[in-house]
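Working through the structure, step by step
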Amino acid sequence: DVKVTQSSRYLVKRTGEKVFLECVQDMDHENMFWYRQDPGLGLRLIYFSYDVKMKEKGDIPEGYSVSREKKERFSLILESASTNQTSMYLCASSLAEPYEQYFGPGTRLTVT
Amino acid sequence: GNSVTQMEGPVTLSEEAFLTINCTYTATGYPSLFWYVQYPGEGLQLLLKATKADDKGSNKGFEATYRKETTSFHLEKGSVQVSDSAVYFCALSLYNFNKFYFGSGTKLNVKP
């Protein structure tokens, strides 16, 4: 079974803090994704990566950056957290072709 | 462009009722289609998929048929259970595109 793990289930940070969300997958998948999920807005793609050190912006990249130094790990970085980044963050991975994405359990981030 | 439209929820049913959740799509190529389910407090899990026209995906009593002529992929289940209460997402992906397009999700509540 593919397993996608996220570093925290719940996180509370203060405005202006730098926040790191980590995601690890154990199935040698080429693609990794970060989404945020908000009520009424569904899933919105922040960034994705199709190879180590490669990344592409998704639909809402502003205020976020990513890092992929190893194939199994994809980090989402909030350079200076703001209250409007309070959300559920979901990581996913997939093989290179448009196969299904496998999701982690999510991190519920609250910025106060 | 590419997009997925789902019926708005919540959908409330009694146990053993018949379920249909409508999903239609717009795609510039030949998509693969997916249904994901999200239980409270968890990430998304793949429920079923179909990769070409007229394919039927099925899992756990749920079914969906890829209808190219109507650009639809409606989710059905003959007899829902309380444990099926969750949010259901329809999604598409396109060959050579490392992106998924998700619908906004439909919340299903099943009452005993």
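Quick note: structure is the one above.
The model shown is predicted, which means the values in this text are computed figures rather than measured ones. (Residues numbered from 1 in each chain as written. Chains lettered and ligands numbered in written order. Predicted model: local features only at pLDDT ≥ 70, side-chain atom pairs only at ≥ 80, totals over all residues. Heavy atoms only, no water.)

1. Digging into the pairing of strand E9 (residues 87–94) of chain A
Residues and elements named next belong to chain A.
- Where burial is concerned, most of E9 is hidden: 8 out of the 8 residues are buried.
- The two faces of E9 match: Ser87, Tyr89, Cys91 and Ser93 on one face and Met88, Leu90, Ala92 and Ser94 on the other face are all buried.
- Where strand E4 (residues 31–38) and E9 come together, 7 bridges link them in antiparallel fashion. Looking at the pairing, Met32 lines up with Ser93 of E9.
- For E9 and strand E11 (residues 107–111), the ladder comprises 3 bridges, and the chain directions are antiparallel. Following the sheet pairing, Tyr89 is matched in E11 by Thr107.
- Bridge count for E9 against strand E10 (residues 102–103) is 2 bridges, and the pairing is antiparallel. Across the sheet, Ser93 pairs through a bridge with Tyr102, a residue of E10. (Buried < 20%, exposed > 50% of the residue type's maximum accessible area, 1.4 Å probe, protein only. Helix = DSSP H or I, 4+ residues; strand = E, 2+ residues; numbered from the N terminus. Pairing = 2+ DSSP bridges.)

2. Here we look at the pattern of salt bridges
All names here are of chain A.
- Summed over the entire model, instances satisfying the criterion amount to 10 salt bridges over all chains.
- A salt bridge links Lys71 to Asp28, with the nearest nitrogen and oxygen atoms 3.1 Å apart. Placement of Lys71 in the loop between strand E7 (64–70) and strand E8 (73–78) and of Asp28 in the loop between strand E3 (19–25) and E4 is noted, with a sequence separation of 43 residues between them.
- One network of salt bridges, with partners in common, ties together Arg36, Asp38 and Arg44. (Salt bridge = Lys/Arg side-chain N within 4 Å of Asp/Glu carboxyl O.)

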